[in-house]
Amino acid sequence: MIHQSMKVLLLLSAMAHAGDAFPNRETSVMGTAADTAIGNIKENFFSSDKNKLTDEVLFVRASSASVLQWFSYIEKQKGISISFNQAIDMEKNCTVRQSATMSVAQLLEIILKDYRYSITEMPGRKIAIRIDAKREFSVRGTIADESTSEKLYGAIIMASDTDGKKLYSTSDENGNYRLNLTEGEYTIEISYMGYEKFSTPLHLYSRKRLDMNLKPALFEVDEVTVRSIRNDAELAEITPSGMLSFSGNDLFSQIWILPGVTGTPTGNNFMVDGGSYDENIILLDGVPVFHPGHVNALLPQFNGDVIKNIVFHKGFFPTRLEGGLSSVTEFNLKDGNKNRHTRTFSIDMPAASLTLEGPIIKNKLSYLVSVRRSWMDFFDELLSEENRLNHYSFDYTAKLSYYMSENSSLKFFAYNTFDEFRFPLYTEEAIPVVKWNNQIYKATYNGMWGKLGNTTSAYYSSHMSRANADVLGFGLGDDFEDDMDSDSGWEDNWNDDWNNGDSFNQTENNASNNEISNGIKTINFNTEFTYSPENIYSTRWGFKYSHEMYEMTAFGENIKKQNEAINQYSLYYDNYIRVTNNLTTRVGVHFIAYNPVNFRNYYSIQPRFALNFTPGKNDLIYLNFSKMEQFYHYISFNGISLPTDFRMPSIEGFKPRSSEHYEIGWKKNFDSDRGKLETSAYYKTRRNIVALKPDAIVENDNWNNYIMVGNGDSYGIKMFLYYMYRRWTMQLSYTYSRSREWFDEYKSLGKLPSLYDMPHYGAGALSYKISKSSSLSIGCITKSGRIKTSDNWFESDKDLGFRQRRGEFNYRIDVGYAFKKDFGDKLLLLRCGLYNLLGNPPEEDIVDFYSVHLSENCLPYGSISFKF
């Protein structure tokens, strides 16, 4: 039987008291029988190594058993009684991988390989095992790009011990990571989208710093392939959202394969899980960008040469995020090459760009500057009027990054974009009639002190759109031509109103201005702390403050300007807890106080919850819940952003929109990292949604006459398959979903399909890697037609009814080729292909996207990037 440690201690105590009374056998040959017995005990206790019980041998078959079962086996085979302390996990499974004859000591070494221990032999064929507690050490460092020293955000660090047990961490915004591990032998593996996997052994017997540099993959993205870096890490504990691959000149091309996401290839307007266009938030380095799309729908929102990674959230939202009901897409900028100066020149059909980056102080201070401009408008004069583009776009991005130490940094960035639409109205020369502008200026501090991290930032942003009132049909008319010829700049009468938001400000514009404008300005401050005391628990909390100024132009018989100031305060707290090795959870809450200066206040509590359970090595069952609120309403009447669109903060009776998203799903990873299969079902409520009334003809800004408020919901099932075989990569997705809305003002209509209701949506992609440098791909999208809407200005549209008819079923087949090759320190990337080689894209895509085509709306595309 197995004796408890108390019996061992009592026996050792008794022997210690006998200590000096034990006679020496060599000088006590003629002692009494009792002395002889005591002498025998002493001899056994202090026996030499050649007589040690642990040197006795036994035959062991290859098998697995618990520690308790192995101890019982030794006792039975060798007649040895084993005593131990309670530090041993008796239920832990231990495996002998090969049948062999071995000593008791060798078998104990296998059984107790995760412990530091010592063995003491006792009289009567007994051994006492003392377990010393294993020491725990921290492993920390940074993950960076090998060639540029760019710190990589979101890299997954996996530590595997000799038993195959895995622990994970992710790098933060500064590239820092931290793992708390018990001493022993590990293998460290790093995974990051677009980079080769990195692996290194780790012998951990003291606190260690381990900085690792990753090598960019030569061919990182197939043409129509989207791939998440989640896989094994997601099965353990990483957020349910995904970090996505992208190609430099086509940021959104990789998202459409995901189930539940549909829209134009460049992402100007897209829908997620039955939600509307304006329920998606776009963040550029953490700053919301209002209406980031361009007049030219071929042009992606941002220059891909300056983007480091894209993180796409839907279904479950990390607690720190707020403001959008359907999705949040994070675009994170590069910091700039810290080792050498490089230039990247890219040109595609809509635009050309030049990006400069390099060190000011090597490995400490770096810069990134990029400019991009459309170029096809230069040829407008050579084309007939119906084939002219009549618009141009220009943007620039600049960033300065200073790493004060390995754990702290300061970063500054600026972003500015201009779009202008020209029209030859009453003049032979095309003149500006509509303009758009976005600006961002931000400063960020990142720091880490042991287990505590902090990110603090402040930014200013603005969005503005302006249009000539006469072109839109609301002008005063008398001085139209003079006004059109005088372009008074982007910021007229805009800066003066920034400080006037403490009261309701409504002034009538004079006739010479003759324009309608609409805009949003924001000043924001936020700070966030993270604390990770150990691998099974981490927490995040933060505070945000923003001051927003809305400029809304009233139009109709007179043109008036209304300014509204809004203060918003946010507090959030988030916990990550590893309950067991197979069960993890995230629990958090986001509190918001929304305080318009002249209207009622709103207070919002938004809980978030995620539960991950891994029943097996390659399986994950998850349950997600997110409540989101949105304080901004937007309805576009023309497909592009105009100042006459309905754009309203939560004032004047328009309450904040809210949603509750419930989702349950199952994911399975295939062996050898060949891919994964995922299926899920969701239900989402939508409250205080806005829509245009059935017979509305917008003639002025009396929005209560045109806009109705109601509720809605959406639900669906989704499936996604990703599989790799040799040089082939296949992806398939399918979504069945319904999106419904109902309005108290029109109860007789019942529950109507929303404008974003699309019952069936399927997508597929097949890629073949021709060589290490090139690939060929084909993609297909099929989807139900959308609900048709009537334009009440036209009598022919009125027989459509209100959301009673649906467009025809749509499909599209695309083909593409990509070539990427490095020439020493130079890199060439070539992409070309055809959108809609076969298919019937919907009408809105033809108008917005296929403005240039070969035939039957087949759109060629191509791009060249050269880095030198």
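Fair warning: this is a prediction, and the values are worked out from it, not measured in the lab.

## Quick word on the sheet that holds strand β10 (residues 166-170)
Step number 1: Taken together, the four strands give an open sheet; going across it, the order is β10-β9-β12-β13, and neighbouring strands pair in antiparallel fashion. Looking at the sheet topology across the chains shown, the edges are occupied by β10 and β13 (198-204). Each adjacent strand pair in this sheet contributes to an overall mean axis angle of 25°, direction not counted.
Step number 2: Across seven bridges, strand β12 (residues 184-191) lies against β13 in antiparallel orientation. Following the sheet pairing, Gly-184 is matched in β13 by Leu-204.

## Topic: helix α4 (residues 104-111)
Step number 1: For α4, the set of buried residues is Val-104, Leu-107, Leu-108 and Ile-111. Around the axis of α4, the buried residues are gathered within 100° of arc, so they sit on the same side.
Step number 2: The secondary structure elements touched by the buried residues of α4 are β1 (57-60), α3 (67-78), β4 (93-96), β5 (100-103), β6 (116-122) and β7 (126-132).

## Side note on the packing of aromatic side chains
Step number 1: Using the criterion set out here, one finds 19 aromatic pairs in the structure.
Step number 2: With centroids separated by 5.7 Å and ring planes inclined at 15°, the aromatic side chains of Phe-529 and Trp-541 adopt a geometry described as stacked. Highlighted residues: Phe-529 in strand β31 (residues 515-534) and Trp-541 in strand β32 (residues 537-554), separated in sequence by twelve residues.
Step number 3: Phe-529 gets classed as partly exposed once you look at its relative accessible area, which sits at 27%.
Step number 4: Connected via pairs of aromatic rings, a cluster forms that spans Phe-290, Tyr-550 and Tyr-632.
Step number 5: Note that Lys-751 overlies the ring of Trp-742, its terminal NZ or CZ placed 4.5 Å from the centroid.
Step number 6: Between Lys-821 and the ring centre of Phe-823, over which it is positioned, the NZ or CZ distance is 6.0 Å.

## Some points on the pattern of salt bridges
Step number 1: In this structure the tally under the stated criterion is 30 salt bridges.
Step number 2: Taking the shortest distance from any N to any O, the salt bridge between Lys-693 and Glu-745 comes out at 2.9 Å. Of this pair, Lys-693 sits in the loop between β40 (675-692) and β41 (707-725) while Glu-745 sits in the loop between β42 (728-743) and β43 (752-753); the two residues are 52 residues apart in sequence, bridging distant segments of the chain.
Step number 3: Accessibility expressed as a relative area gives 12% for Lys-693, which makes it buried.
Step number 4: The residue Lys-826 makes a salt bridge to Asp-825 at a minimum N-O spacing of 3.5 Å.
Step number 5: For Lys-826, a relative accessible area of 36% puts it in the partly exposed group.
Step number 6: In this structure Asp-825 comes out as partly exposed when scored by relative accessible area, which is 43%.
Step number 7: Three or more residues joined by partner-sharing salt bridges are found here, namely Asp-278, Glu-279, Arg-657, Arg-686, Glu-741 and Arg-803.

## Focus on the side chain of Lys-442
Step number 1: Assignment of secondary structure puts Lys-442 in strand β28 (residues 431-449).
Step number 2: Nearest to the buried, unbridged Lys-442 among oppositely charged side chains is Asp-285, at 5.9 Å.
Step number 3: Among the polar contacts listed, one links the side chain of Lys-442 to the backbone oxygen of Asp-285, at a separation of 2.5 Å.
Step number 4: Setting aside residues no more than four positions away along its own chain, Lys-442 makes contact with Asp-285, Gly-286, Val-287, Lys-411, Phe-412, Phe-413, Ser-457, Ala-458 and Tyr-459.

## As for α3
Three- or four-residue spacings in an α-helix give side chains the same orientation, since the helix completes a turn every 3.6 residues.
Step number 1: Spanning twelve residues, α3 covers 17 Å between terminal C-alpha atoms, matching the ideal 16 Å at 1.5 Å per step.
Step number 2: Lining the buried residues of α3 we find β1, β2 (63-66), β3 (81-84), β4, α4 and β7.
Step number 3: Of the residues one or two after α3, Gly-79 is the one with positive phi, at around 65°.

## Details of a nonpolar patch on the surface
Step number 1: A cluster of nonpolar side chains, contributed by Phe-345, Ile-347, Leu-354, Leu-356, Val-369, Val-371, Leu-830, Ile-864, Phe-866 and Phe-868, occupies part of the molecular surface with about 710 Å² of accessible area.
Step number 2: Listing elements by their share of the nonpolar patch, those giving two or more residues are β23 (342-348), β24 (351-361), β25 (365-374) and β48 (859-867).
Step number 3: Relative to the helices and strands, Val-369 is located in strand β25.

## Some remarks on the environment of Glu-183
Step number 1: Note on placement: Glu-183 falls in the loop between β11 (176-182) and β12.
Step number 2: Taking the C-alpha atoms as reference, Glu-183 lies 5.9 Å from Arg-135; in sequence the two are 48 residues apart.

## Regarding the nonpolar core
Most often, soluble globular proteins keep nonpolar side chains buried together rather than apart.
Step number 1: Ranked by size, the top nonpolar core spans 33 residues in total, and within it Val-261, Leu-284, Phe-302 and Ile-307 carry the most contacts.
Step number 2: Every element with two or more residues in this core is listed here: β18 (270-272), β19 (280-284), β21 (307-314), β22 (327-333), β27 (408-423), β41 and β44 (760-769).
Step number 3: Aside from chain neighbours lying at most four places away, what touches Val-261 is Ile-255, Trp-256, Phe-270, Met-271, Val-272, Phe-312, Lys-314 and Tyr-761.

What counts, and where the lines are drawn
- Residues numbered from 1 in each chain as written.
- Predicted model: local features only at pLDDT ≥ 70, side-chain atom pairs only at ≥ 80, totals over all residues.
- Heavy atoms only, no water.
- Pairing = 2+ DSSP bridges.
- Helix = DSSP H or I, 4+ residues; strand = E, 2+ residues; numbered from the N terminus.
- Axes fitted to C-alpha atoms, helices over the stretch in contact; angles between N-to-C directions.
- Buried < 20%, exposed > 50% of the residue type's maximum accessible area, 1.4 Å probe, protein only.
- Arc of directions from axis to C-beta.
- Contact = heavy atoms within 4.5 Å.
- Phe/Tyr/Trp six-rings, centres within 6.5 Å; stacked < 30°, edge-to-face > 60°.
- Lys NZ or Arg CZ within 6 Å of the ring centre and 35° of its normal.
- Salt bridge = Lys/Arg side-chain N within 4 Å of Asp/Glu carboxyl O.
- Lys, Arg positive; Asp, Glu negative; His and termini not counted.
- Polar contact = N/O pair within 3.5 Å; in protein donor to acceptor, adjacent residues only side chain to side chain.
- Expected span 1.5 Å × (residues − 1).
- Patch = residues over 30% accessible without salt bridge, like charges linked within 9 Å, V, L, I, M, F, W, Y side chains within 5 Å.
- Areas by Shrake-Rupley, 256 points an atom, 1.4 Å probe, with all protein chains shown as cover.
- Core = buried A, V, L, I, M, F, W, Y, C linked by side-chain atoms within 4.5 Å.

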